[in-house]
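Residue-level structural notes
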Amino acid sequence: MNFDFNTLLKGETTDIDISVRGWVRSFRNNQFIALNDGSTNQNLQVVLELNKFDDALLKRITTSACVMASGKLVKSQGKGQTVELVADNIEILGDSDAEKYPLQPKKHSLEFLREIAHLRFRTNTFGSVFRLRNALTYAIHTFFQERNFLNIHSPIISASDAEGAGEMFRVTNLDLDKLPKTETGEIDFSQDFFGRSANLTVSGQLEAELAAMAFSKVYTFGPTFRAENSNTARHLAEFWMIEPEVAFNELSDNADLAEEMLKYVIRYAMEKHADDIDFLDARLAEEEKQKPTAERAEFGLKDKLNFMLEHSFERVTYTEAIDILLQSPAYKKKKFQYDVNWGIDMQSEHERYLVEKHFKKPVIVTDYPKDIKAFYMRQNDDGKTVAAMDILAPGIGEIIGGSQREERLDKLVQRMNEMHIPTDEMFWYLDTRRYGTCKHAGFGLGFERLVQFVTGMGNIRDVIPFPRTPKNCEF
RNA sequence: UCUUCCUUAGCUCAGUUGGUUAGAGCACCUGACUGUUAAUCAGGGGGUCGCUGGUUCAAGUCCAGCAGGGAGAGCCA
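Treat the numbers as computed from the prediction; the structure is a model and nothing was measured.

Once that is clear, we can look at the protein's contact with RNA strand B. Within the structure, RNA strand B sits among 49 residues, and K79, P105, T232, H235 and R449 are positioned closest to it. Each atom of RNA strand B within 4 Å of the protein was assigned to sugar, phosphate or base; sugar and phosphate come to 49%. Here a base oxygen of RNA strand B and a side-chain polar atom of Q77 are 3.2 Å apart. One of the side-chain nitrogen or oxygen atoms of N231 is found 3.0 Å away from a base oxygen of RNA strand B. Those elements that provide at least two residues to the surface near RNA strand B are strand 1 (16-28), helix 3 (110-115), strand 11 (238-247), strand 15 (397-404) and strand 16 (440-446). Looking at which element gives the most residues to the surface near RNA strand B, the answer is strand 15, with four residues. Its residues placed into classes, the surface near RNA strand B shows 11 nonpolar, 22 polar and 16 charged.

Attention now moves to helix 13 (residues 427-434). Structural remark: α-helix, 3.6 residues per turn; residues separated by three or four positions point the same way. For helix 13, the set of buried residues is Y429, L430, T432 and R433. Down the axis, helix 13 shows its buried residues gathered within 140° of arc, on one side only. If you follow the buried residues of helix 13, they end up packed against helix 5 (205-215), helix 12 (409-418) and strand 16. Phi turns positive, to about 75°, at G436, one or two residues after helix 13.

Taking 1.5 Å as the rise per residue, helix 7 (residues 274-289) with 16 residues should run 22 Å; its terminal C-alpha atoms sit 22 Å apart, in good agreement. Three or more residues of helix 7 are buried, namely D276, I277, L280, R283, L284 and E288. Across the axial projection of helix 7, the buried residues extend over an arc of 135°, all falling on one side. In the core, the buried residues of helix 7 are packed alongside helix 3, helix 4 (124-146), helix 6 (251-272), helix 8 (301-310) and helix 14 (447-455).

Averaged over every residue, the pLDDT of chain A is 90; the share at 70 or more is 97%. Interface confidence in the predicted complex, given as ipTM, is 0.83; pTM for the same model is 0.92.

Attention shifts here to the side chain of N459. Note on placement: N459 falls in the segment after helix 14. Non-local contacts of N459, meaning those with residues more than four positions away in its chain, are made with R114, A233 and Q452.

Under the domain assignment, chain A is made up of domain 1 (5-101) and domain 2 (122-167 + 202-462). Here the C-alpha centroids of domain 1 and domain 2 sit 44 Å apart. The interface is formed by nine residues belonging to domain 1 together with nine residues belonging to domain 2. Across the domain 1/domain 2 interface, buried area totals approximately 620 Å², and carbon plus sulfur atoms make up 25% of it. Our count for the contact surface shared by domain 1 and domain 2 stands at zero salt bridges. Where domain 1 packs against domain 2, one counts seven residue pairs in polar contact (both at pLDDT 80 or more). Split by residue class, the side of domain 1 that touches domain 2 holds two nonpolar, six polar and one charged.

To continue, consider the nonpolar core. Ranked by internal contacts, the top residues of the largest apolar core, which has 60 residues, are I140, M261, L262, I266, I400, L445 and L450. Once residues within four sequence positions are removed from consideration, L262 is found in contact with M308, F313, I391, I400, L445 and L450. Counting residues in hydrophobic clusters, the runner-up holds 31 residues, among them Y318, A321, I421 and M426.

With that settled, the discussion passes to the packing of helix 4 against helix 14. Following both chains from N to C, one finds helix 4 and helix 14 inclined at 120°, their axes separated by 10 Å at the closest point. If you check the angle between helix 4 and helix 14, you find them oblique. The way helix 4 lies across helix 14 gives a crossing that is right-handed. Of the residues in helix 14, those touching helix 4 at V129, L132, R133, L136, T137 and I140 are F447, E448, L450, V451, V454 and T455.

A grouping of I156, I157, F193 and F194 is seen on the molecular surface, where their side chains present a nonpolar patch of about 400 Å² in accessible area. Turning to its location among the elements, I157 is positioned in strand 7 (residues 157-158).

A few words on the pattern of salt bridges. In total, this model carries 27 salt bridges according to the counting rule given. A salt bridge links D95 to R60, with the shortest nitrogen-to-oxygen separation between them at 2.8 Å. Linking D95 in the loop between strand 5 (83-94) and helix 3 with R60 in the loop between helix 2 (55-59) and strand 4 (66-75), this pair joins segments that are 35 residues apart in sequence. By relative accessible area, which is 35% here, R60 ends up partly exposed. Between R352 and E356 there is a salt bridge, with its nearest N and O atoms 3.5 Å apart. Of this pair, R352 and E356 both sit in helix 11 (residues 348-359), four residues apart, roughly one helical turn. What makes R352 partly exposed here is its relative accessible area of 48%. Take E356: its relative accessible area is 23%, and that puts it in the partly exposed class. One salt-bridge network, held together by shared partners, links E209, E245, R405 and R433.

How each quantity is defined
- Residues numbered from 1 in each chain as written.
- Chains lettered and ligands numbered in written order.
- Predicted model: local features only at pLDDT ≥ 70, side-chain atom pairs only at ≥ 80, totals over all residues.
- Heavy atoms only, no water.
- Near = heavy atom within 4 Å.
- Polar contact = N/O pair within 3.5 Å; in protein donor to acceptor, adjacent residues only side chain to side chain.
- Helix = DSSP H or I, 4+ residues; strand = E, 2+ residues; numbered from the N terminus.
- Nonpolar A, V, L, I, M, F, W, Y, C, P; charged D, E, K, R; others polar.
- Buried < 20%, exposed > 50% of the residue type's maximum accessible area, 1.4 Å probe, protein only.
- Arc of directions from axis to C-beta.
- Contact = heavy atoms within 4.5 Å.
- Expected span 1.5 Å × (residues − 1).
- pLDDT = per-residue confidence, 0-100.
- Domains from an automatic or database assignment.
- Buried area = accessible area lost by both parts, 1.4 Å probe.
- Salt bridge = Lys/Arg side-chain N within 4 Å of Asp/Glu carboxyl O.
- Core = buried A, V, L, I, M, F, W, Y, C linked by side-chain atoms within 4.5 Å.
- Axes fitted to C-alpha atoms, helices over the stretch in contact; angles between N-to-C directions.
- Parallel < 35°, antiparallel > 145°, perpendicular 65-115°, else oblique.
- Left-handed = near helix turned anticlockwise from the far one by under 90°.
- Patch = residues over 30% accessible without salt bridge, like charges linked within 9 Å, V, L, I, M, F, W, Y side chains within 5 Å.
- Areas by Shrake-Rupley, 256 points an atom, 1.4 Å probe, with all protein chains shown as cover.

Structure follows, in structure tokens:
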């Protein structure tokens, strides 16, 4: 019979003969193995009675060796754990050369662990992070499935280059050393695999809209690719995005859905993995202690998450947000590096001020000037703004971006013309407005930014197993 | 891509005004101890000071270039 350690360590069942397998975290006193199977950060203590095992075997019980231990699970005779396994038999399933193995039972920097991403799963921090990432994945599907949303697999390869969401990765099987050219000297993509130029998707939104026009409520949850040369703690070249799209929803429904979803998945992760949140909370507190007082975060991780669950997100229009900034002490004392006036695309410093200083909780900013937003957003009656919304979270910045979509064909075409988006290539998108159009709205949630928010990890590269960033595609 | 900081043992980091043989903690190895909790104690091995060039009697230390990394910014989710 096999039990995971998370179950065994609850101590509900003892005095049974079992066999367990895991990786050695530490071996103390030639007598106590701290064994871990990844189900929890808690280790199962395996007790080796003295003189029962020969020295050659004991020497092979090294950090990160893979071991099978058989014996009786009993109430622990020492302090520090509820149960322990008194071993009758130890078998080394996989040796680990202690001299060469890079991880030690001590603190390592996250930068160092990033360089050994293939081994960092075996640390407490990344154990907690990836169990929480998994819980959040499950919670997102559960949230939408419970509400009868249909999961849509939007394409990963896309020929559309009209989405305007930034630089794209080209997909081709042309011989790069002998590119076929047209008569005018351009690359002849008619000879490429798809007979036209293709890219990795930057968004599943447009396809999700098509599906919403049949299934009413849909969501995508898949990988997304951006070839931007972004070197920050919150950008990846390959990341996962959740994009719900709902027919008949208006902007306020969209904001309600986003807020409800965020609270649902965060609550689920906190309940399911309270011990991992506790661990990361303590880790973060320790990290904060190293900083000068002025730079320390006001909230601990758990406090931040609880505060967020207990309060409604603040909702302000872009126009109100600009007014708040103009009235702020920071503005009056000229603390902002960038100027504030109606029409600007708010800078990080402005968003941070609203979220971290003024409201101290997530903020939903709506109704942005149309000139700084995408062509598909619904034009408001004022002629100046569109029904867009961004959700800004403390420490992360923009975690969700969404909008009510322009469902009126004439207004959409007019806007596409103004913004030089080719309407002929996008006939399939415009067809939804030709045949049974209706109001609808949706948003995009950056999954890794959500995981950052829940785990308190400062760098997005530490919440995805193998981060892809400019000049970095190891593992 | 821009600004700024960093690069010394496997890891984390000291290294004074440029001056003899570059240090500490942890890890590793040897031994002691044996109900330990990142066990403890004693001893030991381990270095192309990121790379290239320059200044100097003398460079880990000063200068330049390059490479890699961090933080902030832009772009965004």
